[in-house]
Amino acid sequence: MRPKRRYYSIIDKVYRLSNLHEAWDAVKANKGSAGIDGETILWFETQLNQNLVEIQRLLKENRYKAQPVLRHYIPKDDGSKRPLGIPTVRDRVVQQAVRQMIEPLFERNFYRHSYGFRKGRSQHQALDVVRRARENGYVYVVDLDIQSYFDSIPHELLMEKVKVKIADGRILDLIEMWLKAGVMEDDQFHDTHQGSPQGGVISPLLANIYLDTFDSGMRKQGFPVVRYADDAIIFCKTKRGWDKTKKEN
C-alpha cells in the first residue's frame, strides 16, 4: 500500500489575498449573525480591503488569535434545542480560507457514500442509495444517530486524523485554536475540552474527517454504509450480520 501523502506548505496559500477574498465571498453568501464582538457582515464589508489585509498580516506574522464562539440555541422538531457556536465574522473568514485549501486534500479520499456537508451531494442522493440497496437484497439495516456529535468529538483523536494529511504546523495550530477557543454564553466563558462548534465554518469538514474512518471501516468489514453528517445507515443482507453490527455499534 502506498503511504498517504502529507502536505507541508499550506499557510502561505491560505493568506493569499485572492484566497481571503474568495473566503469572504463565501462567508457573505452564507449570511449569519455577529459573534461575540458584535461585528456584523455588513459592518465588516464597509472596510473590507482593510480587514482582509489585516487578517493577512496577522496570519503572516503568526499573531492571529481566535475568539470564543457565541452560544445560540435553535429549536429542534422534538422540542429540544440544538446548540450552535457562532464565530466572529473575522474567524469565519479565516476558517473558510483554511477550509478552501485543505478540503480538497481530504475530499478526494472520502468514502463515496458520505453525503453530508459535501459539495454536489445531498440527502436525496443518500436516499437513492438506500432504495437501491434494498432492491439489491440488503433488507436489514442498523440506523445510527450519534447524539450530540459535534459537541462530543474528542480533540486529540480528531487532530490525529487531520495530521494524516496535514503536516503544516501553522495549519494544525489554527485548527486546534478554533477547537479550544471556548464558548461565551450569558456573558460567561466556558472552556471547550471536546467538540467542534456546530456553526463553525470548518466544523463540517472536521466532522467528516473524524467519521471517515468509521465509513471505510464498516465497508472493509463487508457492511455498506450510507452516512449524512451524524446519521448513518449500515446495510446487512442477513439477520446474523445485522445482529453482529448492532452489537459492535
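Notes on the structure in this doc start here. (Residues numbered from 1 in each chain as written. Predicted model: local features only at pLDDT ≥ 70, side-chain atom pairs only at ≥ 80, totals over all residues. Heavy atoms only, no water.)

## Describing the overall build of the protein chain
Turning to step 1, where the next piece is worked out: Counting its regular elements, the protein chain contains 11 helices and seven strands.
Turning to step 2, where the next piece is worked out: Relative to the globule expectation of 18 Å for 249 residues, the C-alpha radius of gyration of the protein chain, 20 Å, shows essentially globular dimensions.
Turning to step 3, where the next piece is worked out: Seen through its C-alpha atoms, the protein chain measures out along the principal axes to roughly 60 × 50 × 30 Å.
Turning to step 4, where the next piece is worked out: Burial statistics for the protein chain: of 249 residues in total, 45% are counted as buried.
Turning to step 5, where the next piece is worked out: In the protein chain, the proportion of contacts linking residues at least 24 apart, taken out of those at least 6 apart, comes to 71%.
Turning to step 6, where the next piece is worked out: For the protein chain, the exposed surface amounts to about 14,200 Å²; the carbon and sulfur share of it is 50%.
Turning to step 7, where the next piece is worked out: Considering the protein chain, the positive charge centre built from 41 side chains and the negative charge centre built from 33 side chains are found 8 Å apart. (Helix = DSSP H or I, 4+ residues; strand = E, 2+ residues; numbered from the N terminus. Rg over C-alpha atoms; globule rule 2.2 N^0.38 Å. Buried < 20%, exposed > 50% of the residue type's maximum accessible area, 1.4 Å probe, protein only. Contact = heavy atoms within 4.5 Å. Areas by Shrake-Rupley, 256 points an atom, 1.4 Å probe, with all protein chains shown as cover. Lys, Arg positive; Asp, Glu negative; His and termini not counted. Charge placed at Lys NZ, Arg CZ, Asp CG, Glu CD.)

## With respect to the pairing of strand E7 (residues 231–236)
Turning to step 1, where the next piece is worked out: Pairing of strand E3 (residues 140–145) with E7 involves six bridges; the strand directions are antiparallel. Opposite Asp 145, over in E7, you have Asp 231 as the bridge partner.
Turning to step 2, where the next piece is worked out: In this sheet, E7 lies alongside strand E6 (residues 225–228) in antiparallel orientation, the contact comprising four bridges. Looking across to E7, one finds that Arg 227 is bridged to Ala 232. (Pairing = 2+ DSSP bridges.)

## Notes on the sheet that holds E3
Turning to step 1, where the next piece is worked out: Pairing in this open sheet of three strands is antiparallel, and the strands run E3-E7-E6 from one edge to the other. The sheet is open, and its two borders are formed by E3 and E6, each paired with just one other strand. Going across the sheet, the axis of each strand differs from the next one's by a mean of 15°, ignoring polarity.
Turning to step 2, where the next piece is worked out: Set on the sheet, helix H10 (residues 203–220) makes contact with E3, E6 and E7; between it and E6 the angle comes to about 165°. (Axes fitted to C-alpha atoms, helices over the stretch in contact; angles between N-to-C directions.)

## What to know about the packing of helix H8 (residues 155–163) against helix H9 (residues 169–179)
Turning to step 1, where the next piece is worked out: In contact at an axis separation of 11 Å, H8 and H9 are set at 155° when each is read in the N-to-C sense. Taken together, the axis directions place H8 and H9 in an arrangement best described as roughly antiparallel. Remark: the crossing between H8 and H9 carries right-handed chirality. Residues His 155, Leu 158, Met 159, Val 162 and Lys 163 of H8 lie in contact with H9, whose contacting residues are Leu 172, Ile 175, Glu 176 and Leu 179. (Parallel < 35°, antiparallel > 145°, perpendicular 65-115°, else oblique. Left-handed = near helix turned anticlockwise from the far one by under 90°.)

## Digging into unusual backbone geometry
Glycine aside, negative phi is the norm for most residues, and most peptide bonds take the trans geometry.
Turning to step 1, where the next piece is worked out: Despite not being glycine, Ser 148 has its phi angle at roughly 50°, a positive value.
Turning to step 2, where the next piece is worked out: Looking at the secondary structure, you find Ser 148 in the loop between E3 and helix H7 (149–152).
Turning to step 3, where the next piece is worked out: For Asp 186, which is not a glycine, the phi torsion comes out positive at approximately 55°.
Turning to step 4, where the next piece is worked out: Tracing the chain through its elements places Asp 186 in the loop between strand E4 (183–185) and strand E5 (188–190).

## Regarding the nonpolar core
Turning to step 1, where the next piece is worked out: Ranked by size, the top nonpolar core spans 58 residues in total, and within it Val 93, Ile 102, Val 162, Ile 166, Ile 171, Ile 175 and Trp 178 carry the most contacts.
Turning to step 2, where the next piece is worked out: Each residue touching Val 162, except ones within four places of it in the same chain, is listed here: Phe 106, Leu 172, Ile 175, Leu 206 and Ile 209.
Turning to step 3, where the next piece is worked out: By size, the runner-up hydrophobic cluster in this structure holds six residues, among which are Tyr 115, Ala 126, Val 129 and Val 226. (Core = buried A, V, L, I, M, F, W, Y, C linked by side-chain atoms within 4.5 Å.)

## Overview of the sheet that holds strand E2 (residues 81–86)
Turning to step 1, where the next piece is worked out: Pairing within the open sheet is mixed, and its four strands lie in the order E2-E1-E4-E5. This sheet does not close on itself; its edge strands, each paired only once, are E2 and E5. Here the strands of the sheet are splayed against their neighbours by 40° on average, with no regard to which way each runs.
Turning to step 2, where the next piece is worked out: With three bridges connecting them, E4 and E5 associate as antiparallel partners. Residue pairing in the sheet places Glu 185 in a bridge with Gln 188 of E5.

## Side note on the packing of aromatic side chains
Turning to step 1, where the next piece is worked out: All chains considered together, the criterion is met by six aromatic pairs.
Turning to step 2, where the next piece is worked out: A centroid spacing of 5.1 Å and a plane angle of 25° characterise the contact between Trp 24 and Phe 44, whose relative ring orientation is stacked. Here the residue Trp 24 occupies a position in helix H2 (residues 17–30), and Phe 44 occupies one in helix H3 (residues 41–46), the gap between them amounting to 20 residues. Grouping residues by exposure puts Trp 24 and Phe 44 together as buried.
Turning to step 3, where the next piece is worked out: Taking 6.2 Å as the distance between ring centres and 65° as the angle between the ring planes, the aromatic pair formed by Tyr 138 and Phe 235 counts as edge-to-face. Of the two residues, Tyr 138 is situated in the loop between helix H6 (123–135) and E3 and Phe 235 in strand E7; the sequence distance between them amounts to 97 residues.
Turning to step 4, where the next piece is worked out: Taken together, the aromatic side chains of Phe 117, Tyr 149, Phe 150 and Tyr 210 make up a single cluster linked through ring pairs. (Phe/Tyr/Trp six-rings, centres within 6.5 Å; stacked < 30°, edge-to-face > 60°.)

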